[in-house]
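Structural overview
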Amino acid sequence: MAGAAGPGTGPGAAGGDGDDSLYPIAVLIDELRNEDVQLRLNSIKKLSTIALALGVERTRTELLPFLTDTIYDEDEVLLALAEQLGNFTGLVGGPDFAHCLLPPLESLATVEETVVRDKAVESLRQISQEHTPVALEAHFVPLVKRLASGDWFTSRTSACGLFSVCYPRASNAVKAEIRQHFRSLCSDDTPMVRRAAASKLGEFAKVLELDSVKSEIVPLFTNLASDEQDSVRLLAVEACVSIAQLLSQEDLEALVMPTLRQAAEDKSWRVRYMVADKFSELQKAVGPKITLNDLIPAFQNLLKDCEAEVRAAAAHKVKELCENLPAEGRETIIMNQILPFIKELVSDTNQHVKSALASVIMGLSTILGKENTIEHLLPLFLAQLKDECPEVRLNIISNLDCVNEVIGIRQLSQSLLPAIVELAEDAKWRVRLAIIEYMPLLAGQLGMEFFDEKLNSLCMAWLVDHVYAIREAATNNLMKLVQKFGTEWAQNTIVPKVLVMANDPNYLHRMTTLFCINVLSEACGQEITTKQMLPIVLKMAGDQVANVRFNVAKSLQKIGPILDTDALQEEVKPVLQKLGQDEDMDVKYFAQEAISAVAQRLRKLDCSAKASEEPSARGADKNHFLRPRGPGEDTGKAHRERAARAVSEEAVEAARLQTRPSKGPAHQLHGNTRDTLAQLEIAELVHFSQSGD
Amino acid sequence: MSSSSPPVGAASAAISASEKVDGFTRKSVRKAQRQKRSQGSSQFRSQGSQAELHPLPQLKDATSNEQQELFCQKLQQCCILFDFMDSVSDLKSKEIKRATLNELVEYVSTNRGVIVESAYSDIVKMISANIFRTLPPSDNPDFDPEEDEPTLEASWPHIQLVYEFFLRFLESPDFQPSIAKRYIDQKFVQQLLELFDSEDPRERDFLKTVLHRIYGKFLGLRAFIRKQINNIFLRFIYETEHFNGVAELLEILGSIINGFALPLKAEHKQFLMKVLIPMHTAKGLALFHAQLAYCVVQFLEKDTTLTEPVIRGLLKFWPKTCSQKEVMFLGEIEEILDVIEPTQFKKIEEPLFKQISKCVSSSHFQVAERALYFWNNEYILSLIEENIDKILPIMFGSLYKISKEHWNPTIVALVYNVLKTLMEMNGKLFDDLTSSYKAERQREKKKELEREELWKKLEELKLKKALEKQNSAYNMHSILSNTSDE
């Protein structure tokens, strides 16, 4: 196979003579020859083990030459090798020997696959820091030069990333050579190389002397920024940020600004997009004066660009741009030079543009203050709340807190409510999900009274949504609301409604009651849980649908820690024991899980008095694991984790499902995994019909 | 092309009750609701007010000494561009330009002696002004060329005629490359190549013919064109993974390769190994695989010694997870085997049949089926028969296993046939392999155990060394930090 190039000879032969210390390399070679890529990969990933076993000297003299010679393999193996070698300095004997690592990395830096090459360059950059200045000039710089003048574009591309790491520590003569090499790569014939050079231009400029920046980097920048390929030109925009930071205002004006102005009006939208995307960085780099004279007009053009992509990118930057303007005169500039363009964008034809704007526009209110917000921004917010695109509305709603600080939310509430209601009933469940997530925030800002009046019914309606993810989000939402409004509110408004659902003819709704209790019990505290919730849960243990029954078991386990000893002993335990004898195996399983959790809880509460009961509970517990478990899976541990972390429930269940591959699909789906909604409901129905007969 | 973007209201109203119920409508259903889209070129901005076109007299009505000047006037008139995204503006001028372009097409294709030296500049200027433009961003970022409708060029009513005119111009008997090369130069070709990224298949089709003609007529541009295509492909493979015109460019290359002189230049071999073979890794291989495989086979027909590196290259990039691509690879291997020389076959039979053996035992039945179809190919069968001693031991294990275990009855039936064929080729070897099958499996298991054992020992050795190191306290920190991720 591919990895087996040049095997029998070299260090491999040493494995034969029976010397114990010699076989690591033999193992490696054997593994590198293996036909299975995965095994080759494993052995490469353990390269440091092999090196350590070999010792530094033999790593240098045998392992590295072997690796250098055998580099021809799947890219995945090469990637792992390139990564490993970056951390190898200690294993070859420290910085004095770091240069030994260069030959294999040099080969890796010339391969076709970009990820391998990039990783090799990363490792080379890392290792360059470990070289002494002398070794750097003797070994590293020649490598960079070799790569920079390689035949195939890959080596020249890799070289681009290495200039900046060796330049600062090189002598003056060598520095001049390095600059020369970089210059020639900037005008390379192959666009790939020019792109690589352009993307490293900023980084290289930072390590150069200011004079060289002016005399060499700026011309290179100007050239790249007017390259025939737009993919090169747009990278020059990025470099512009770094270069601008290095120059004085006059130099900037003379050397950089003509090019930047040209980029902002480039005929390719990709370049203009880049200018918009980097706008904040550019703004900071060129300083306030040039911003006012040049960047603001350029920004206005970008906001009304003919391509929606460019407008959207610019719209994203509106807030940052305004924030970064000098405080003095900021308001006037925004009002006169930015706001008119923003107003246009509110009714843009492209929804991405509108939603980009909607995601930042609220931030302007803090900058502009109360009066301007009410007079100028509020109409825009209101228009956006009525936008046909749900994403725009959502973006506005999700940033309400900014406005709330400035003008209070009441100003908006008239328009807010229809928008929320509409989103809450959107046909796309992802939209509904998004708005649910903002409910706690809205509740906090609108206040309890407004909430009860207008929004509470929505929150309850989500509990009976036909999509499981919505029902789940709705239950979590209730918990957050209770945390916000307190237990008294919960007792009066939420709990009764939730508990009524326990008698719903639809078993999915009955289960929702249980899910709500799971999350609400903690927020509501012991009293409400014991007095109001527990009786309902216990009553549901007699439900005719097995899914409901095993969720009762799960709920009891869940609320166990909140209940006191009496409730556990007198009420919970008998019910669980009854469920433990259920005809359905899943109900039995979860009942047993709960029994052992409850037993542990009881033991904790009252270890001396109830000590006698514990062994029997544990014993019963073990006997009831009827189905095979994964090897080595400690059940006690599993349930401890379960009690500790509610989320782990699904993982345990998923593992459990995997351990029973022989069962039919209906049973496999029986467990309540949350991600496949439609599927899940079908599965539950299947089970329903099964348990019916 | 009257519509520019789909009416949003209509789309949202179309959300049916069924979508409310399951939330997941099928992609294709959703797509069907969308109308065909068109887009304008990105260059069209802030051109200011349009000059209105006034109709010029017909060329056929002009006297022959006026004709030439009128021709140039018309060419200049056609340099003016119109915004087709706005379907109501400049209707009259648009119609005048369309009629003029039609007239120009007819003029150069039916008259002789009208393409005089002085006209070249205006002709190329008119073509450049119309077709060279920055392509706009795709309005569907995850455009799936197999499923989605392409976005069509809005100004097609004009651009089509310009391409038509360009082709007639190039194909005219009066056309003189020696004059045209002053205008159709490297920069021109570069811009032309960039247009191949157009989403509009009609445009790419024209471009394909145009570029092919240019390659044929301008010898001085050939190397440049090949190099630029090279760069486009490399960018496609390693950088963007996106370029709409790959299939068209490969099609042109197919005929270019056909004309390569022998022996092949190093440049061409490099193109095969470093560009065409890595191109098999592309995500959208299905869109251009036929053209790509054609190019590869063209190379092998030119120079059979390339067979070994090509097949090794394909094996290196063999798809690991995508069954659809695996089927394509198998198809390409069969095309190669169809033209392979028996001496070349011997060089690659071992690695190749190891891969085929893996494909045959794929749990994806289409992959297994495609690989098993090799045994229906007479020529491949004869190659296998010649080398049965080598191939049977490689194939036997997986064939034997599938005949017992594969879930798909069709595959099992096919495998029985293949086993029967192989048995007939060398009954003795077949019997030996059957009887040693179990022992072989056990040996493999034992080897596996030994491997694990070796690694364990190595681990111990590492610990021992690490301890020694600790004792001598040499360079301790760096080693620990280097091995801490173990």
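Residues numbered from 1 in each chain as written. Chains lettered and ligands numbered in written order. Predicted model: local features only at pLDDT ≥ 70, side-chain atom pairs only at ≥ 80, totals over all residues. Heavy atoms only, no water.

- Chain B carries the name Serine/threonine-protein phosphatase 2A 56 kDa regulatory subunit in an unreviewed UniProt entry, which gives Ailuropoda melanoleuca as its organism.
- Within the UniProt record for chain B, the comment given under Function (unreviewed entry) is "The B regulatory subunit might modulate substrate selectivity and catalytic activity, and also might direct the localization of the catalytic enzyme to a particular subcellular compartment." (UniProt positions renumbered as here; feature names shortened; annotations may be inferred.)

- Under the UniProt heading Sequence similarities (unreviewed entry), the note attached to chain A is "Belongs to the phosphatase 2A regulatory subunit A family."

Considering the domain arrangement of chain B
- Under the domain assignment, chain B is made up of domain 1 (54–133 + 152–183) and domain 2 (303–459).
- Here the C-alpha centre of domain 2 of chain B lies 59 Å away from the C-alpha centre of domain 1 of chain B. (Domains from an automatic or database assignment.)

A look at the packing of helix H17 (residues 342–360) of chain B against helix H19 (residues 378–386) of chain B
Residues and elements named next belong to chain B.
- The interhelical angle for the contact between H17 and H19, taken along N-to-C directions, is 80 degrees, at an axis separation of 11 Å. By the criterion of interaxial angle, the relationship of H17 to H19 is roughly perpendicular. The segment H17 lies against H19, with Pro 342, Phe 345 and Phe 353 engaging Tyr 379, Leu 383, Ile 384 and Glu 386.
- Class assignment of the residues belonging to the contact of H17 with H19 gives a composition of six nonpolar, no polar and one charged. (Axes fitted to C-alpha atoms, helices over the stretch in contact; angles between N-to-C directions. Helix = DSSP H or I, 4+ residues; strand = E, 2+ residues; numbered from the N terminus. Parallel < 35°, antiparallel > 145°, perpendicular 65-115°, else oblique. Contact = heavy atoms within 4.5 Å. Nonpolar A, V, L, I, M, F, W, Y, C, P; charged D, E, K, R; others polar.)

Focus: the confidence of the model for chain A
Residues and elements named next belong to chain A.
- On average, residues of chain A carry a pLDDT of 79, and 83% of them reach 70 or more.
- Looking across chain A, the model is least confident in helix H38 (residues 665–668), with a mean pLDDT of 37, and most confident in helix H9 (residues 153–160), with 93.
- For the stretch residues 1–19, pLDDT sits under 50, and the model shows 23 contacts to residues farther than four places along the chain or on other chains.
- The low-confidence segment residues 610–693 (pLDDT under 50) makes 106 contacts with residues lying over four places distant or belonging to another chain. (pLDDT = per-residue confidence, 0-100.)

Section: the confidence of the model for chain B
All names here are of chain B.
- In this model, chain B carries an average pLDDT of 82, and 85% of its residues clear a pLDDT of 70 or more.
- Scored below 50 in pLDDT, residues 1–36 shows 34 contacts in the model against residues more than four places distant or in partner chains.
- The low-confidence segment residues 476–481 (pLDDT under 50) makes six contacts with residues lying over four places distant or belonging to another chain.

Re the packing of aromatic side chains
- Applying the stated criterion across every chain, the model contains 32 aromatic pairs over all chains.
- Arranged with centres 6.4 Å apart and planes meeting at 40 degrees, the rings of Trp 156 of chain B and Tyr 163 of chain B form a pair that is tilted.
- By relative accessible area, which is 7% here, Trp 156 of chain B ends up buried.
- What makes Tyr 163 of chain B buried here is its relative accessible area of 0%.
- On the basis of an interplanar angle of 85 degrees and a centroid distance of 6.1 Å, the ring pair of Phe 365 of chain B and Trp 407 of chain B is categorised as edge-to-face. Taken together, the positions of Phe 365 of chain B in helix H18 (residues 365–372) and Trp 407 of chain B in the loop between helix H20 (388–405) and helix H21 (409–425) put the pair 42 residues apart, joining distant regions of the chain.
- Overall, Trp 407 of chain B belongs to the exposed group, its relative accessible area being 55%.
- Among the aromatic residues, those joined into a ring-pair cluster are Phe 163, Tyr 167, Phe 182 and Phe 204 of chain A.
- Looking at Arg 60 of chain A, its charged tip hangs above the ring of Phe 97 of chain A, at a distance of 3.6 Å from the centre. (Phe/Tyr/Trp six-rings, centres within 6.5 Å; stacked < 30°, edge-to-face > 60°. Buried < 20%, exposed > 50% of the residue type's maximum accessible area, 1.4 Å probe, protein only. Lys NZ or Arg CZ within 6 Å of the ring centre and 35° of its normal.)

Some remarks on the side chain of Gln 190 of chain B
- Positionally, Gln 190 of chain B belongs in helix H9 (residues 186–194).
- Leave out the neighbours within four places in its chain, and Gln 190 of chain B touches Glu 228 and Gln 229 of chain A together with Phe 224 and Gln 228 of chain B.

So, helix H5 (residues 91–110) of chain B
Residues and elements named next belong to chain B.
- Over its 20 residues, H5 extends 29 Å from the first C-alpha to the last, a length consistent with the 28 Å expected when each residue adds 1.5 Å.
- Regarding H5, the residues found buried are Ser 93, Lys 94, Ile 96, Lys 97, Thr 100, Leu 101, Glu 103, Leu 104, Val 105, Tyr 107 and Val 108.
- Residues of H5 that are buried in the fold lie against helix H4 (64–77), helix H6 (119–131) and helix H7 (156–171). (Expected span 1.5 Å × (residues − 1).)

Quick notes on the packing of H4 of chain B against H6 of chain B
Residue and element names in this part refer to chain B.
- Interaxial distance between H4 and H6 falls to 9 Å at its minimum, and their mutual angle equals 20 degrees. The angle between the axes of H4 and H6 places the two elements in the roughly parallel class. Note on packing geometry: the crossing formed by H4 with H6 is left-handed. Where H4 abuts H6, its residues Gln 68, Phe 71, Cys 72, Leu 75 and Gln 76 lie against Ala 119, Asp 122, Ile 123 and Met 126.
- Considered class by class, the residues forming the contact of H4 with H6 number six nonpolar, two polar and one charged. (Left-handed = near helix turned anticlockwise from the far one by under 90°.)

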